Each structure stands twice: as C-alpha cells, then as structure tokens.
Amino acid sequence: MAQGTVPSRTDDVSLMVITLEINPYIWDKHGMGAAFSIQAMVEQMIIFVNSYLLLHHQNQVAIITAGTEGCAYIFDSAASKQGPSNAQPAATNGSANGVSEEGERGIGSILASRIQRVVSEAEQKWKDGGSGGEPNRTTYLSGALSMALCYVQRCLRGPKPQPQPRMLCIHGSPDAPQQYIATMNAMFSAQKLQVPIDVCMIGGQDSAFLQQAAHLTGGLYQKPPRPEALLQYLLMVPAMDLHSRQFLLAPRPAGVDFRASCFCHKKTIDLGFVCSVCLSIFCQFSRECSTCGAVYTMARPTPAAGAKRKEPEA
Amino acid sequence: MKFNLEGLTVYFPYEYLYPEQYSYMLEVKRALDAKGHGLLEMPTGTGKTITLLSLITSYQLAHPDMGKLIYCTRTVHEMEKVLEELRKLQAYQEKELGKQAQILALGLSSRKNLCIHPTISGEGSRENVDAGCRKLTATWVRSAAAENPDIELCDFFEGYEKKGADALLPAGVYTLHDMKVFGRQKGWCPYFLARHMITFANVVIYNYQYMLDPKVAGVISRELEKECVVVFDEAHNIDNVCIEALSVNLRQQTLDGAQRNLTKLGQVVEKFKATDADRLRAEYNRLVEGLAQRGTLPQNDQMLANPALPDDILREAVPGNIRRAEHFLAFLKRFVQYLKRRMGAQQVESEGPLSFLDDLNNSAGIDAKTLKFCYDRLHSLMLTLEITDTEEFHHLTLVCDFGTLVGTYTQGFAIIIEPFDERMPHISDPVMQLSCLDSSLAIKPVFERFQSVIITSGTLSPIELYPRLLNFNPVTIQSFAMSLTRDCLCPMVLSRGSDQLPVSTKFDMRSDPGVVRNYGRLLVEMAQAVPDGIVCFFVSYSYMDAIINSWNEMGILKEIMQHKLVFIETQDVVETTLALDNYRRACDCGRGAVFFSVARGKVAEGIDFDRHYGRLVIMYGVPFQYTLSRILRARLEYLRDTFQIKENDFLTFDAIRQAAQCVGRVIRSKSDYGMMIFADKRYQRHDKRSKLPNWILSQLKDSHMNLSTDMALHIAREYLRRMAQPFDSLSVDTGTLLNEAALQRPQPMEVG
Amino acid sequence: MSPAGPHPQGPPADALLQDAEEDGDLEAEEAGRDARAWEREYADERSWEMLQEDDAGLLRALDVTAQQRERRRRHLAAPAARIRRGMIRYLVLVVDLSRAAAEVDFHPSRMAVVAALVEVFIREFFDQNPLSHLGIIALRAGVAQRLTELSGSPQSHITALKASLGADGEASLQNGLDLARAALAPIPAYGHREVVVVSSALTTCDPGDIHAAIAACKKHRIRCSVVGLAAEVYICATLARLTGGTYTIATSEGHLRDLLLEHAPPPPALQQDAPASLIRMGFPQRQPDGAASICACHADLRLDGAYVCPRCKARVCELPTECHVCSITLMSSPHLARSYHHLFPVPPYDEWQASSSSAALPATCFACQAGLPGVAGGATGVRLVCPRCARHFCFDCDAIVHESLHNCPGCECRPAAPDDPPG
C-alpha cells in the first residue's frame, strides 16, 4: 500500500474539513490540563481558520467536532455563502446555527461561542454522568471522519471550480478498538477519493489508526511535542496546499505500525492466525472462530516448530 | 388455483394465469353455454392447451350431463403433451375436490403405437402392424384356431376378449405408454381396450383423422354422443386435412395392381365356389336384404369403412347388378379398364364428377348408383372370402374408394388427369386425381353431430376466412394477443440486401445472383451476431437446393460454416430426424448451428425450435403454393364460385399462414425470446403483412420494416443484448399475470 | 423548384409505376417511421423536460424522486444480512481473444475495451480482495493459453495481458475450463475457486465434450461466471447455472465495466465450498526509510523503507506477499481491514414516509448538511432514515454510505448497540 498519490489539480481553491476533538476527558483532566486549555485551543483555531480562508477567497472550511456525545458541524463556510436556506438551524445535530451572522460578527466569535457551548454541554454531561455508571470516554473519531467524507463528496458534486479537498484531524485521545473497522473503512474511502488526511496529535501518545490514515491517504502526520504551540504547527504543516507540498520538505513520518491487534485479547501481534471465513485475527489457535462461528475442519496451523515451508499456495 | 368465471368454478393447476388465458376461458365457456361452435386464435406459448383442458373439465364437473371432451391433435407427440398437462390438472383437481373429480382420460392411436405383441409390434410400418394384427385376431382365424391349436393367435387380444365387457380401465389419465404398461400387466391388448374404453372415458385424445376421415371416423367415432365437445388443436391447416381426407390419387401402378388384385379375387371366388358355395350364397342373401354391414360385424373385423360420409350412403339395398361376386368382379374390371383408358390421355384433362360419370356411363355402362356401392361391396366380399391381408389388396381398395366418392358427390370435387409432371414433361407419369375442393364437406358431419366444436390454433389469421372455408357459423370468433412483460419476439421485414437492392423470391427475381448473394450475406451476418440456433425456411425444396448450390459456389456456405454448423432438411424422414438431432446437439454444446428447412415441410409443421434451438428464424420469400398446380387452380375456382373467396386472397392467406407457422416455431413460451426475419420485399405490402397473426403484427414495429441487411443486423445485436438482461418473470403488478387474488376482483377487461 | 416535364436523371416512368405498385403503402409508412437510433434515446425519454436550472446555474432534474428510488433498488437488492462470503479467492480470468474479439461494435474494438476494463477489474479485485490470487488465460485459435500463473500482483497480470493482445481463430470454452481447472487444482482447501470468462464469441469449438468439462468444474466446486459481450449463449448460461456463477451480458462499455466490477467483491459462499481454517500469518512492521538492507524478493540492496518477516526476519519490499524464505503469508492489518466491510455491511436505509409529525424534521442531511426534501423550501427527491440510529440522510449520502464508505455516520456517533458489528 504505497502512499496515496495526490494529483496536483488546480491548486488555488481548496476545501478543508477539520475534525476537532473536544472530549472533555482529554482536554480537561488527564490530557493537557492547565498547560493548554480548550479556550486556548479555540483561540488558536480561530486564527488558523481565518488565515486559511485568507489564502484564497474561494477557500472553504468546515469544522466537525468529535466528542463523547457524538459529532456535530459547528462551522460551514459554504453555508454562509449560499444564503440562509441551507443554514437553517437543525435541532438534532446542532448544525451551523446562525452562520449567516458571520458577516457582522466575524468567524471568531461564532466559532468561539459554538465550541464553547458544545464543550460545556459535553462537560456538563460528563460531570452528570459521573454519578450514574461508567461514563463514555471514547471520542467518536470514526463518526467524525465519516461525516467529513460525506461533506467532501457533497462539495465535489457541487458547482465548478471544485475545490481540492483535504481533511485535518486534530485529535488527542487514544485509539478505541471498537472503532477499528469503521475508522479503517473511512480511511479506505478517503484513499479512494484521494483525500489526504492530515493528522495533528495533541495528546501524549501516537494513534496507530491515524498514523495509518495519514500513510494510506498521503497526508501528513505530526505530533507536536509542545501542544500549546498548536497554531504554529498548524500554520507550518497542514496549511500547506497540496500543490506546494510537492516542493516542500514535510516532516518525515516515522515508521508506521502495521501490526494487527488480535480480536481475542486486543493484543498487538506480529504473528497470528486469520480465520479464512471472516478474516478475524487471533493470537492463538482455536477450534472455532469467535467472530463468525465457523468451525475449523482441518487442523492445519501447527506450532511454529512444524515446518509448513513447502506449502505453496498457488 | 380456483376461481369463479361467470358462475363456473374453474380449477387451474398453476398459481398464475395470463389475462389472455382468462379471456380465452371466457370465450370457450360462452361457446359451451350457447351449445355452439368456437373459433379461437391464441398465440403459442400462452398455455392454450391447459386453458382449454382446465375450462372444459371444470365445465364437465359442473354439468355432469355434458358429454366427453374429444381432443384432436395432429401428432402422437402432441397427444402425449396434452395428456401430460391433463395429468397435472387432474392431480390438482383431485387435491381440491377428492374422488368425485376423478376422470378417465386416454389417448387413442393406431395399432402401431399401441401394440404390445412381441413380434408384431416390431414391424416397421403402420400398415404392416395393422395387417399382422388382423392375421391374429380376425374372427375366422380365431374360430379356425378353436379347432386347430397350431394356428397362432395374439395372447393379449385373447386375454382382453376373455374378459369381455369386464375389461375396464380404472379412472386416471393414460398416455400411450401407460396404456401399454397397463396392458402388459393385465395381459390385455391395449389397442382394443382403448377402443372399448372410449365409451366410458371423459376425455379422449386422438388424431384428426379419427374425427375427419370418414373411413376411420365411421369405425372409431360412431358411438360418441351428441353432447360431446370436440376440440381441434393446432387447427390452422384443418381445411387441408379435410380435403386430404376426401381426396384420392390413382397412378398407373395402382391400376395395374388393382387388375392383379381382381384376377386373384376371381381365383379365390372360383375356389370358394367349388368348396364353400354356401358362403357366397349367404352373402348374396344378406345383400338382398340390404342390411348395412357396418354395425353388425364384430369390432375386430372392421378393417375398412366407407370413404364417403355416413349420411350420404342411403340405407338401401346394394344394386342387383353387383350382388353376385362374379358380377361385381366383372363390374370392377370394366371400371379399371375404363380408368386405364382415361389415364392414357396425352394432355391434361380436368372435369367435374358429373361429366366424368356421364362419360363413364356412355363408354363403360357404369352408372353412378352402382359405383356408389362399390366400396361397401368390396368390403363385404373380402370378409366373405376371409381375406386378412388387406395390405395386398390396397390397390383395389383405392380404386373402389375412388369409385364410391365419384359416385356419391357431384359437387365440390374435380377429376384431374395429368399425363406427366409439369416439371418433368418428358417422363410419362400419369396420375388421376380425385380432388376434394370443398373443405367443408369432411367437417360438416362433425359440426352437425356435436354440440360444440372448438377450433383453435396459434395462427388462424385472418380469422374471418375460416368460417367461410369450413362453412359453419361459430358463436364465438376471437383472436387474442399475447400479454408480454418484454418484447420477447422481434419480427422484422427485410426488403433489401446490404447493397440496397430489393430481395424477393418472386419468380422473375429468385434466380438473380444478386438476390441469392444478398440472401446469403444476410445469413452470414446473422450467423455472426446470433448465438446458438438459426432456422431458415425456404419456399420449396427445389428453391432450397438451388440456393444452397449457388451459396456453395459463391463461398457463402463456407463463411457460414466458420460460425455455425449447417444442417439441411431432406425429403427423407430418417435423414431429417438425424439432421435435427445433430442440430440440437450443436446448439446444446455451444457450437451453434443453422437449419435449412422448407415451408410446408414436416419440420415447419411439427418441430419446435424454442429457446436456444431457435434464436432467429429467417423466412426466405413468401411460401406461395405452386400456382400452376391444376388441383390448386380447380380449388381456387371452386372457392371463388361457391364461397366468393378471391383467388388472390386465398393464395396470400395460405402463404402467410404458412410463413407465420414457420416463424412461430421459434417461440413456445413467454420466457423465451426470438427474432423473425421476413426476407422478401413483398412482406412490405399491406395486403400481405396484414394477414399475419395479430400477435406477430402487434410486435412488428414500423421501424422494423423495410430494412436492409445492415439495419437488420444492428437491430438484431441490440435486441439480443436487451433480451439477455435479467428480467422479472413474476409481474403480478403489471397485470401480465393474474393470481387468485387478482381474479377475485371484478374483472373489467375484455381482451380482444 | 424543378420545372415541369420529364426529369432527365429520374428513373423511367414505367419503373416508377412498378415501384408504386410494388411498394404501395411504403410512403405512408416512411412518414410514421421511428426516429433514427441516435434520436430515439432522447425522443423516448424527453429528458429535457425533466430539467431545471438551479441557483448554481446547473441543470438539475425536476423531480428526481422516482429516479432515485429506481437507483436505490439496486443496492437494496443486495443482501443486507451478514452472509458468508468467500474472502480468500483464487480466480482465473479467462479472456476470449478469438476472431469475434476483433469486432468493432465496441470502440475501438471489443478486445481493446476488454483489455482496458480488465485492467480496471484487476486493480479493483486486488483492492477488495487483498488475500486473493488471480491468473489469466487467453482463448485464441482454438487453444487456451496461460498468460499468467495465479499470483497476487496486479501489475504482472496487466502487463502480460497487454503484451499478448491480438485476436485470432475460434474460442474453445472447454479448453479454457480444463486449463483453469488445472490451475486451480493445487490451491489450499480454504480458498474459493472461481473462473470468470469474458466472452466475445457466440460459439465455442471444442475438441471434446464441454458438458464433461462443466461437470468437472462443478465437482471441483469451481464457481464459473461469464460476462458476455454480444448475446446470450446457451452453453454459457448452462455453465453459470450449474456451477453457481452468474451470466451477464453487456449492452455498452459502461455496462461491461459494471458487470466486470460486480465480480470484484467476494461472492456469497457456502460452507461446503471451502472448509474454514485458520491461516497463520505474519504482520510485519514497516521499517523507516534509509536503513540499507538486502531484500529477499529482488535479491538487491535497497535503501527505502521495507518490511521484515516476523518469523524469519527476511526483508520484503511490498505487502501482501508470501515470505520468500519461510513461506508464511505476510499481511498488514489494513489489508485485512479492507475486506471487513463485506462482513459487516451497513443496513439499508429506509425511505422516510411523510407523516404528521413533519414539524420536527431535520432540515439537513446528518452527514453532509445538504438540504433534505420534505420540509418547506426543501429539495426534491427521497429522504432516508437509518433504521439503527434514526438519523436522516440525503440520497447522495445513502449511495456513498452503502457503496463506498460502508459506515453509517449516524451510527458511528452513538454508543455501540449490542447488534452492531464487533471490532
């Protein structure tokens, strides 16, 4: 799976869909804490978005928040241009509420208030939920990526000149194994559409999912050592348009972890067994597949000692 | 399913019904209600047979006083198919109604198809089996055997005879095979059992001849009651069948043979005179009393019956001058002599029966009244003389046949004497034809005797012509179209070759090399574009031979064979069967094949080229009858004078019905599809085209007419691709299929 | 116009008369003739009447609801339930290069079109079935010729096919099947054997009994499918029916592409076709670029990033492959993940039926923010509801979700329900 080749289309107009993690669990307590508050992040984001939009008057941007309570569009630059019809407030998914006021108030305050509201809602829920049972700590990364892809394709169906799409994923929480398939599906879809996924990890750890996403789609993966300088990183790396990337030296990715994690113990393994029916990965041999229930008729796999060397498969 | 049809509960063995089947049932029911006759055209592939069977048996269930269903088919194969359908229907009705729905249904065929005697059934031809059977079952043979145990008899017949009237078939549906199995099991003769069981059966299926040919009908169908319903299926050629039933051809060999037969009979008579004069005297007395022989003789002795119709033979005594055997033989000798003399004519002679009789009376002193009885008289004589080998006296029988017909009918017949074949004027091959010109004669007693007669076929167009040809008044005439979910047939009229020159088999054009080449190119192109089987029909054997020869010289045949194997129908049945068999095999294994056949031939009439056996049928030319034929001319004249049918109308009608019959071979069910190319510019003309059956005409788009080869090829490619797409065969929603629920709803439709 | 009097160039009068007699009503018919083939397509549909200009200046269909429903029927027909599929496939592609392949009813020729689309198919096939293998057989001049052995590398197949184009002679389906069967004989039991025939010819010239060859395929559980270019051939239909494959006929180049790509996703499979088994596999890690090492596949010194077999530590250049030293299958987890969507399909969305409670309808598509029909001033078309998460989507997103994304954005934004796919 080589790097997704990104053809250099007319490089002037671009569309950026940003997925922004607002999981209070990461931002507030165990993540950056006081060093880099969510307010600071929002301020830096506003500057980034504004400067991106200034690069070209037709540049478009959409921001999707990903949190523990779901994902939502909080900003859509296209909606404001197209007039009020598409900017109808939508109750269920908290769509771009009143973006039309952008002209008077500027992006900054809208973005700030929106993010603030979503974050506080999430925090409130998180605090409430603390009393009743285990709260949901996972961010719906796959959902946000899926929505972003749908949005990209909508723009690609739209009027010409079609912008060059790319996605930027600002993320902090660790990988959620239950989202593995969905996340992978989303990144294959992005690969097919030739939409690069740039990743900016602001948490303490690398994300194997997003590493693979960047690798497969030809995006850039970076993990700033100092999250509080997010704006600089953003302006240096993901702000580059695709055409310019050909000429610039982007941060070289470290080795990507392509190892699979087994379905049975969620261990990362480099040698394992794969079910021929459903392709589930297991770290040890069993008689029956726990995913699809297939019963293995032939005890073909033998311990490593068993020399299965001359068994050409084709 | 079962549903209510204007107050009649109809049991139908399938879950779905086509709308045209529904309308068809409605029409049949109306005909039955009115106790009248019906003439119905419904395309093949719409389940005509099961519709008819289902309605009539349901009608029988509802009206127990109704008589049998007599279902007439053209071939044994069709008979078996009908019986199979009936078996399905029967199983369903019994499931629905239990025991009370039980019926007895059987097929009746000749001895050849039913005999289970170990040696006789192995005899090849039908006549041999018949004669062989008579040798073992004739009354005098059996009585002789009673005294002399060395005389061989048929065990199966004896077994059947021993049981007498107790030999009965249990209720059920019996195909010919079932009959034979049953016969073997019981040790009874299936043929005689079947004949016996006709009286008890609810459904009888047999050949047209059993109903139309007076020689056979007098024996088989005599005892059927008036309330019977008679169905003629595939009846598009019924007028020809009727005519054939009453026509006799005499050749030189026939007369020579008849003379030999007479000599032999004379010897036998002399012998009997010497040994057993009483017998002859007894016969004489019987004839004096004027007892009509038929009906007083045991069943197994009825080998001959009068060729004229029962009503026409007056129940009067045989004239005195032929009552004595030797007088009768002398009379016949004179008759044969006269015929021989007439046969020696140097030019073609054509006359009506009246002038023939007049001449006969003047020159040979034979009058019509005597002549009328000569068939019956011969029959009686042969019985008296205990002659079993009727085959040997075939020639004489034919002459008497001729005599009786001439003596009986003064109208509707023509006698034509041709000293040589038109096509080979140098070879003397005299033939005397007594040709029936009026197809209504043979079928008239059927219409009169039976309450309802249903005549049906896939191609009866133009349907108005049939009542005129057959001279009857149907209470219902209807032509149904096919309801289609897709265009499963694609007729095209090709009028030009790829060089834009017209193509036709018109007499002045048929040998034009340009036309021949265009016809050939058409087939080459089509062979490339059409998968599996292609069938080509030509107007005649001679034309087919000529065109294949030319194609061979032009290298066209070779090109065709690059794509498909080529098989040709010949006049030899065995060869043709073999060719057909291999043609099918080539289609089955993907090699693809072309079959060259002739309109009006055996293949055009009886062989189906459904599914991949015929994706395309090309009709080269318009299959007009040989218009120079005297018989045809006489018939045309008669039709014009008697029924006011214009010559041209009849010829076109006949040609187009043959063409429709040929192309109709290609599609046998709605899930099938096929293309039809009418390759002659004359099909472009309205008077020809409009005579095609409605179900073809409705599919013939304006854009598919007046095509040239390249346009036809384009249409064919497009059509084949479209037809290869998957389609939904169950389309209750679109109204092309009706299920029980749909039939419960009020029915507004009247498909016409 | 032309002056009165006889036309010097015109046909003689008697010929004209005869023509008139012969083709009496021809003229009347000519007037009522259908339009030309290229006009018919438009004339029948009157497609321009369905258009209107939207505010972006684009022509949009007036009411697309019916059209959209029609298009939705296709993926609704696909089984939504989790069915067992043959994930590890060994497919032999039989390409007919007989004389019929040189015909030009597809432009520039059938052969060229087939070659181009087979390339697309091969790439898509390996994209969707990374664990599978493919080989190519050409039918030409009455014989079957093995172009490539079964292997997992798309490029080698494409190169081999392109190198050997050229139509000649007859096609022999039987030879093709026999050769394919021989190629498929040694594969492991868990693999699904398949043959896809791309057939131009309408006839097959076989040296022996093709029915026996079909029976042998059936016996060896080889699923044979045929994609035809011209018309339905009985023997192909029989082959597909008996071996459980499909038989489709292309009407156009685009249709041919669709039909070929229908064979890219793994077909439904029965348990008895290929017994399940556990396959031992290695998941090597990618080494950073710059470290020089000798690879086992090319026996060459390479500097760029590479993979190392976890069992024997041999170096390979690309995945998926088989270790050249210890024969273990080497995979990366994304390869496997590419196939998972076949196993856990997104349930089809339901079309939203207008009800009284339209007041609370979301105005925009949950996934892409496009306006939805059913509200005042909304777009035309259908509105779709996910049966699991009850969110509303537009028609386009429905197609994206089910055809390429394979995730329901709504379901991915809420806690997993018990019936959701694992993983």
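All residue numbers refer to positions counted from 1 along the written sequence of the respective chain. In the order they appear in the text, chains get letters beginning with A and ligands get numbers beginning with 1. pLDDT decides what is reported in this predicted model: residues at 70 or higher carry local features, side-chain atom pairs at 80 or more are listed and counted, and totals for whole chains, interfaces and linings draw on all residues regardless.

For the rest of this paragraph, the subject is the overall build of chain C. The helix and strand labels rest on DSSP assignments: H or I over at least four residues marks a helix, E over at least two residues marks a strand, and numbering proceeds from the N terminus. When helices and strands are counted, chain C shows 12 helices and 18 strands. The exposure scheme places C-beta atoms from the backbone and then counts, for each residue, the other C-beta atoms within 10 Å of its own, assigning buried at 20 or more, exposed at 12 or fewer, and partly exposed in between. By residue count, 43% of the 423 residues in chain C fall in the buried class. Taking as baseline every contact in chain C between residues at least 6 positions apart, the subset at least 24 positions apart corresponds to 62%. Any residue pair is listed as a contact if its two C-beta atoms, each placed from the backbone, are within 7 Å.

Looking now at the UniProt feature "domain: C2H2-type" (unreviewed entry) in chain C. UniProt positions are given in the numbering used here, feature names are shortened, and annotations may be inferred rather than shown by experiment. As annotated in UniProt, the feature "domain: C2H2-type" (unreviewed entry) corresponds to residues 386-406 of chain C in the numbering used here. The distance separating the terminal C-alpha atoms of residues 386-406 of chain C is 13 Å; by composition the span is 52% helix and 10% strand.

The next point concerns the UniProt feature "zinc finger region: C4-type" (unreviewed entry) in chain C. The positions UniProt marks with the feature "zinc finger region: C4-type" (unreviewed entry) are residues 309-326 of chain C. Secondary structure across residues 309-326 of chain C comprises 0% helix and 22% strand; the distance between its end C-alpha atoms is 9 Å.

This part takes up the pairing of strand 11 (residues 413-421) of chain B. All names here are of chain B. Strands are treated as partners if at least two bridges between them are detected by DSSP. Across three bridges, strand 10 (residues 349-351) lies against strand 11 in antiparallel orientation. Its bridge partner lying in strand 11, Glu351 is registered against Ile415. Where strand 11 and strand 12 (residues 424-436) come together, eight bridges link them in antiparallel fashion. Bridge pairing links Phe413 to Cys436 in strand 12.

So, about the confidence of the model for chain A. Across the chain, each position has a pLDDT score giving the predictor's confidence in that residue, from 0 to 100. The share of residues in chain A with pLDDT of 70 or more is 74%, and the mean pLDDT across the chain is 75. Counted against residues more than four places away or in other chains, residues 1-9 of chain A, with its pLDDT under 50, gives 20 contacts.

Taken together, the contact pairs 72 residues of chain A with 70 residues of chain C. Those elements that provide at least two residues to the side of chain A that touches chain C are strand 3 (70-76), helix 5 (141-157), helix 6 (180-193), helix 7 (208-217) and strand 9 (271-275) of chain A. Per-element tally for the side of chain A that touches chain C: the top contributor is helix 5 of chain A, with 10 residues. Amino acids are sorted into nonpolar (Ala, Val, Leu, Ile, Met, Phe, Trp, Tyr, Cys and Pro), charged (Asp, Glu, Lys and Arg) and polar (every other residue, Gly among them). A class-by-class count of the residues in the side of chain A that touches chain C yields 39 nonpolar, 21 polar and 12 charged. Taken together, the five bridges between strand 9 of chain A and strand 9 (residues 278-282) of chain C define a ladder with antiparallel strand orientation. Bridge pairing in strand 9 of chain C links A:Phe273 to C:Arg280.

Next up on the list: helix 12 (residues 238-245) of chain B. Structurally, the α-helix is built with 3.6 residues per turn, so residues lying three or four positions apart point the same way. With six of eight residues buried, helix 12 of chain B lies mostly within the body of the structure. When we look at burial in helix 12 of chain B, the residues that qualify are B:Ile238, B:Asp239, B:Val241, B:Cys242, B:Ile243 and B:Ala245.

Attention now moves to the interface of chain C and chain B. At the junction of the two partners, chain C supplies 27 residues and chain B supplies 29 residues. Listing elements by their share of the side of chain C that touches chain B, those giving two or more residues are helix 2 (26-32), helix 8 (210-219) and helix 9 (234-243) of chain C. The greatest single-element share of the side of chain C that touches chain B, amounting to three residues, is contributed by helix 2 of chain C. For the side of chain C that touches chain B, the per-class residue count stands at 11 nonpolar, seven polar and nine charged.

How two helices sit against one another is set out by the angle between their axes and by the gap between those axes. Residue and element names in this part refer to chain B. What counts as an axis is a line fitted to C-alpha atoms, over the stretch in contact for a helix, and the angles between N-to-C directions run from 0 to 180 degrees. Packing of helix 1 (residues 19-33) against helix 2 (residues 48-62) leaves a shortest axis separation of 10 Å and a crossing angle of 40°. One way to sum up the angle between helix 1 and helix 2 is to call them oblique. Note that helix 1 runs across helix 2; the crossing there is right-handed. Together, Gln21, Tyr24, Met25, Val28, Lys29 and Leu32 of helix 1 and Thr51, Leu52, Leu55 and Tyr59 of helix 2 make up the contact between the two elements. Looking at the contact of helix 1 with helix 2 residue by residue, the class counts come to seven nonpolar, two polar and one charged. To sort the angles, those under 35 degrees are grouped as roughly parallel, those over 145 as roughly antiparallel, those from 65 to 115 as roughly perpendicular, and the leftovers as oblique. When the near helix sits turned anticlockwise from the far one by under a right angle, the crossing is termed left-handed; a clockwise turn instead gives a right-handed crossing.

Let's shift gears to the sheet that holds strand 21 (residues 707-708) of chain B. Remark on secondary structure: sheet strands pair via backbone hydrogen bonds, oriented parallel or antiparallel. Residue and element names in this part refer to chain B. Reading across from one edge, 17-18-16-19-20-15-21 is the order of the seven strands in this open sheet, with parallel pairing throughout. In this open sheet, the two edge strands, each paired with only one partner strand, are strand 17 (565-568) and strand 21. The pairing of strand 16 (residues 533-538) with strand 19 (residues 616-620) spans four bridges and is classified as parallel. What sits directly across from Phe537, in strand 19, is Met619. With respect to the sheet, helix 22 (residues 513-529) is in contact with strand 15 (489-496), strand 16, strand 18 (593-598), strand 19 and strand 20 (674-679), its orientation differing from that of strand 19 by roughly 180°.

This part takes up the nonpolar core. Only buried residues count toward a nonpolar core: Ala, Val, Leu, Ile, Met, Phe, Trp, Tyr and Cys, linked into one set through C-beta atoms within 7 Å. With 287 residues, the main nonpolar core has B:Phe537, B:Val617, B:Met619, B:Ile677 and C:Val94 as its most contacted residues. Those residues in contact with B:Val617 that sit more than four places away from it in its chain are B:Val535, B:Phe537, B:Phe609, B:Cys662, B:Val663, B:Arg665, B:Val666, B:Gly674 and B:Met676. If you look at the next biggest cluster of nonpolar residues, it comprises 131 residues, including A:Leu111, A:Cys275, A:Leu279 and C:Phe393.

Before going further, it helps to examine the packing of helix 8 of chain C against helix 9 of chain C. Residue and element names in this part refer to chain C. One way to put it is that helix 8 packs onto helix 9 with a least axis distance of 9 Å and a crossing angle of 25°. Classed by the angle they form, the pair helix 8 and helix 9 counts as roughly parallel. Once helix 8 is placed against helix 9, the crossing between them reads as right-handed. In this structure, helix 8 uses Ile210, Ile214, Cys217 and Lys218 to contact helix 9, whose residues at the interface are Ile235, Thr238, Leu239, Leu242 and Thr243.

This part covers the environment of A:Ile197. Residue and element names in this part refer to chain A. Along the chain, Ile197 falls in strand 5 (residues 197-201). Separated by 16 residues in sequence, Ile197 and Ala213 place their C-alpha atoms 6.5 Å apart. Setting aside chain neighbours within four positions, we find Ile197 in contact with Met167, Cys169, Met187, Ala190, Ala213, Ala214, Thr217 and Gly219.

Residues and elements named next belong to chain C. Of the residues in chain C, 76% have a pLDDT of 70 or more, and the chain-wide mean is 79. pLDDT under 50 marks residues 1-34. Its contacts with residues more than four places away, or in other chains, come to 18 contacts. Counted against residues more than four places away or in other chains, residues 418-423, with its pLDDT under 50, gives eight contacts. On the interface metric, ipTM, the complex scores 0.83, and its pTM is 0.81.

Further remarks concern the sheet that holds strand 10 (residues 281-282) of chain A. Taken in spatial order, the five strands make up an open sheet running 10(A)-9(A)-9(C)-15(C)-14(C), and their pairing is mixed. If you trace the sheet from one side to the other, it starts and ends with strand 10 of chain A together with strand 14 (321-322) of chain C, each paired once. Relative to strand 10 of chain A, strand 9 of chain A runs antiparallel, the two being bridged by two bridges. Bridge assignment links A:Val274 to a residue of strand 10 of chain A, and that residue is A:Ile281.

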